[in-house]
Amino acid sequence: MMGNYGMTFAAIGGVYIGVEQLLEHQRMKRDFINGAVGGFVAGATILGYKEKLRDLTLTTAFAGKSISSAISAGAALAVTSAVLDVGGQTTRVDTGKEYYPYTTKKKSTVDS
């Protein structure tokens, strides 16, 4: 059961970042619009049509949920992405230093 949620999360992330990077390279701008469009496309394609994606044919895959649910899911992800991008939210503060999960300096030995 958890594998299904993991696959959905991976698909949303893959579509989101793919569309965002494609727009960034095509528009030659790095702004919140790229993320908003990426969020809309990811939400509309993955969450909006998730029910019928188990059938591996394209004709039945996009006949799943209604268009309104696809637009709602896309809009929700687009607004969330735009708010986070405009607000400058990050997962960590950039101090200008490289972060290593381990120490690169040797520990000094203290004689007792």
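Residues numbered from 1 in each chain as written. Predicted model: local features only at pLDDT ≥ 70, side-chain atom pairs only at ≥ 80, totals over all residues. Heavy atoms only, no water.

Novice: I tried to follow the pattern of salt bridges on my own but got confused; where do I start?
Specialist: A side chain with one charge may pair with a side chain of the opposite charge, provided their charged atoms come close. This structure, assessed with the given rule, holds one salt bridge. The residue R27 makes a salt bridge to D31 at a minimum N-O spacing of 2.8 Å. (Salt bridge = Lys/Arg side-chain N within 4 Å of Asp/Glu carboxyl O.)

Novice: Explain helix α4 (residues 67-87) here, please?
Specialist: Along an α-helix, a turn takes 3.6 residues, which lines up residues three or four apart on a common side. Along its 21 residues, α4 runs 30 Å from first to last C-alpha, staying within 8% of the 30 Å computed at 1.5 Å per residue. For α4, the full list of buried residues reads A70, A73, G74, A78, S81 and A82. Relative to the axis of α4, the buried residues are bounded by an arc of 160° and lie together on one face. What points out from α4, more than 90 degrees from its buried face, is the exposed set V79, V83 and V86. Where α4 terminates, the next one or two residues include G88, which has phi positive at roughly 70°. (Helix = DSSP H or I, 4+ residues; strand = E, 2+ residues; numbered from the N terminus. Expected span 1.5 Å × (residues − 1). Buried < 20%, exposed > 50% of the residue type's maximum accessible area, 1.4 Å probe, protein only. Arc of directions from axis to C-beta.)

Novice: Would you mind showing me how to read unusual backbone geometry here?
Specialist: Outside of glycine, negative phi angles account for most residues, and trans bonds account for most peptide bonds. Phi is positive for M28, close to 55°, though the residue is something other than glycine. Within the secondary structure layout, M28 lies in the loop between α1 (2-27) and α2 (32-47). Classification of M28 by relative accessible area gives exposed; the value is 75%.

Novice: Explain a nonpolar patch on the surface here, please?
Specialist: A contiguous nonpolar patch, built from F32, I33, V37 and V86 and spanning about 320 Å² of accessible area, is present on the exposed surface. The element contributing the most residues to the nonpolar patch is α2, with three residues. Locating F32 in the fold gives a position in helix α2. F32 sits in the partly exposed class, given a relative accessible area of 39%. (Patch = residues over 30% accessible without salt bridge, like charges linked within 9 Å, V, L, I, M, F, W, Y side chains within 5 Å. Areas by Shrake-Rupley, 256 points an atom, 1.4 Å probe, with all protein chains shown as cover.)

Novice: For this particular structure, what's the right way to read the confidence of the model for the chain?
Specialist: A low pLDDT score tells you not to read the predicted coordinates there in detail. Looking at the chain, pLDDT values average 77 and 61% of them are 70 or higher. When pLDDT is averaged over each helix and strand of the chain, the minimum, 46, is found for helix α3 (residues 58-61) and the maximum, 91, for α2. Low pLDDT (under 50) marks residues 53-62, which in the prediction has ten contacts with non-local residues, meaning those over four places away or in another chain. (pLDDT = per-residue confidence, 0-100. Contact = heavy atoms within 4.5 Å.)

Novice: Whenever I open this one, the layout of surface pockets confuses me. Can you help?
Specialist: Space inside the largest pocket adds up to approximately 260 Å³. Lining the largest pocket are eleven residues; nearest its centre among them are I12, G13, Y16, S81 and L84. Listing elements by their share of the lining of the largest pocket, those giving two or more residues are α1 and α4. Partitioned by chemical class, the residues of the lining of the largest pocket number five nonpolar, five polar and one charged. (1 Å grid on protein atoms, 1.4 Å probe; cavity = no way out; pocket = protein on both sides within 12 Å on 5 of 7 lines; lining within 4 Å. Points joined across faces, edges and corners; volume = space filled by probe spheres on them. Nonpolar A, V, L, I, M, F, W, Y, C, P; charged D, E, K, R; others polar.)

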